[in-house]
Amino acid sequence: MNILVTLDRNYLHPLRVMLGSLYLNNPGEAFDVYLVGDGLTAEDLASLEALCAPHGALHPVAVPEDLFAGAPVVRYYSRAMYYRLLSAQLLPPTLDRVLYLDPDILVIGPVRPLYDTDLQGALMAASIHRGLTDISSRVNRLRLDTPEAEGYFNSGVLVMDLDAMRHRMAPEEIFTYAREHADVLILPDQDILNGLYGTELFPVDETLWNYDARRFDAYRLMSQGEKDMDWVVTHTAILHFCGKNKPWRKSYRGRFSALYKYIQRLLGEDRSQA
């Protein structure tokens, strides 16, 4: 399987936990990990290569400067916000599919069924974090002027059809949208993805493939009690620690704190921050 990760050096240790959990819970699979990163040292890359080697390979991806010649920077976001949107241009042309994973993820089950999803002509597969009322999807559709879209997709887990993206997603179109909507972009790359391509994404079950770790009670309530902790441990493959409060911090008190810290220590990555 082809895996894509993008990050700056601040997320190096969470990335190691994410990759370690991917390997731990997908025995027998081989992974080619493509990394687009800013600020990583030669030592950082060597350490990541050693982590990946028993399970496949790490492929650092060079970012050509001219690709971002017309890219506007929105507020305090750097050009790195465009990396996953332009992954079809950044990754080798021989690749036809890749699974993008945010570093603030814990993989707790097999991802092969997600990777092999029939996209039915869509650019990508993604999940919508609906909540109890799905108010956020409706607000975001109005904010981004995309009333036709099924909902507001989270960009933390994406199955990408790279061939389709190369034909459909042009850098200049993305940069123009960012420039023209700079005053309403809150999560710029996710907003741009929804604003431009929300009608061309294939929805997959969030409780299986992009479980928002903040919403355990909501998921359980919406499922009339079915999706309890036993259900999550049995069925969920990807836990996503959305939001600013992250599980590698000592102050984190979320419901999945112990699980994250256990996996972190099991992998030898117990480097909790204040």
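Look up a bit, the structure's there.
A.B. asks: Explain the layout of surface pockets to me, using residue names and the numbers behind them.
C.D. replies: Regions of empty space are outlined by a rolling probe, equal in size to a water molecule, passed over the atoms. Within this model, the second largest pocket holds a volume of roughly 170 Å³. Along the walls of the second largest pocket sit 14 residues, with Ile128, Arg130, Asp205, Glu206 and Thr207 positioned nearest its centre. Among the secondary structure elements, those contributing two or more residues to the lining of the second largest pocket are strand S6 (124-128), helix H9 (206-209) and helix H10 (216-222). Among the residues forming the lining of the second largest pocket, the class breakdown is six nonpolar, four polar and four charged.

A.B. asks: Lay out the pairing of strand S2 (residues 31-38) with the relevant residues and their values.
C.D. replies: In regular strands, side chains alternate between the two faces of the sheet. Where strand S1 (residues 2-8) meets S2, seven bridges bridge the pair, whose relative direction is parallel. Looking at S2, one finds that Leu7 is bridged to Gly37. In this fold, the crossover linking S1 to S2 by way of helix H1 (residues 12-24) has right-handed handedness. Where S2 and strand S3 (residues 56-60) come together, five bridges link them in parallel fashion. Residue pairing for S3: Asp32 is matched across the bridge by Ala57.

A.B. asks: How would you summarise the packing of aromatic side chains if you had to cite specific residues and measurements?
C.D. replies: Tallying each qualifying case throughout the model produces twelve aromatic pairs. Between the aromatic rings of Phe68 and Tyr82, the centroid separation amounts to 6.4 Å while the plane-to-plane angle is 45°, which identifies the pairing as tilted. Taken together, the positions of Phe68 in the loop between S3 and helix H3 (87-90) and Tyr82 in the loop between S3 and H3 put the pair 14 residues apart, joining distant regions of the chain. Residue classification places Phe68 among the buried positions, given a relative accessible area of 8%. Relative to Tyr83, the ring of Phe68 lies with its centre 5.8 Å away and its plane at 70°, an arrangement referred to as edge-to-face. One end of the pair, Phe68, is in the loop between S3 and H3; the other, Tyr83, is in the loop between S3 and H3, and 15 residues separate them in sequence. For Tyr83, a relative accessible area of 1% translates into the label buried. Ring pairs connect the aromatic residues Tyr11, Phe241, Trp248, Tyr252 and Tyr260, which therefore count as one cluster.

A.B. asks: Requested: an account of unusual backbone geometry, with residues and values cited.
C.D. replies: Positive phi is not limited to glycine here, since Gln120 has a value of about 55°. Position of Gln120 relative to the elements: it lies in the loop between helix H4 (112-115) and S6. For Gln224, which is not a glycine, the phi torsion comes out positive at approximately 55°.

Procedures and definitions
- Residues numbered from 1 in each chain as written.
- Predicted model: local features only at pLDDT ≥ 70, side-chain atom pairs only at ≥ 80, totals over all residues.
- Heavy atoms only, no water.
- 1 Å grid on protein atoms, 1.4 Å probe; cavity = no way out; pocket = protein on both sides within 12 Å on 5 of 7 lines; lining within 4 Å.
- Points joined across faces, edges and corners; volume = space filled by probe spheres on them.
- Helix = DSSP H or I, 4+ residues; strand = E, 2+ residues; numbered from the N terminus.
- Nonpolar A, V, L, I, M, F, W, Y, C, P; charged D, E, K, R; others polar.
- Pairing = 2+ DSSP bridges.
- Right-handed = clockwise from strand over helix to strand, strands pointing away.
- Phe/Tyr/Trp six-rings, centres within 6.5 Å; stacked < 30°, edge-to-face > 60°.
- Buried < 20%, exposed > 50% of the residue type's maximum accessible area, 1.4 Å probe, protein only.

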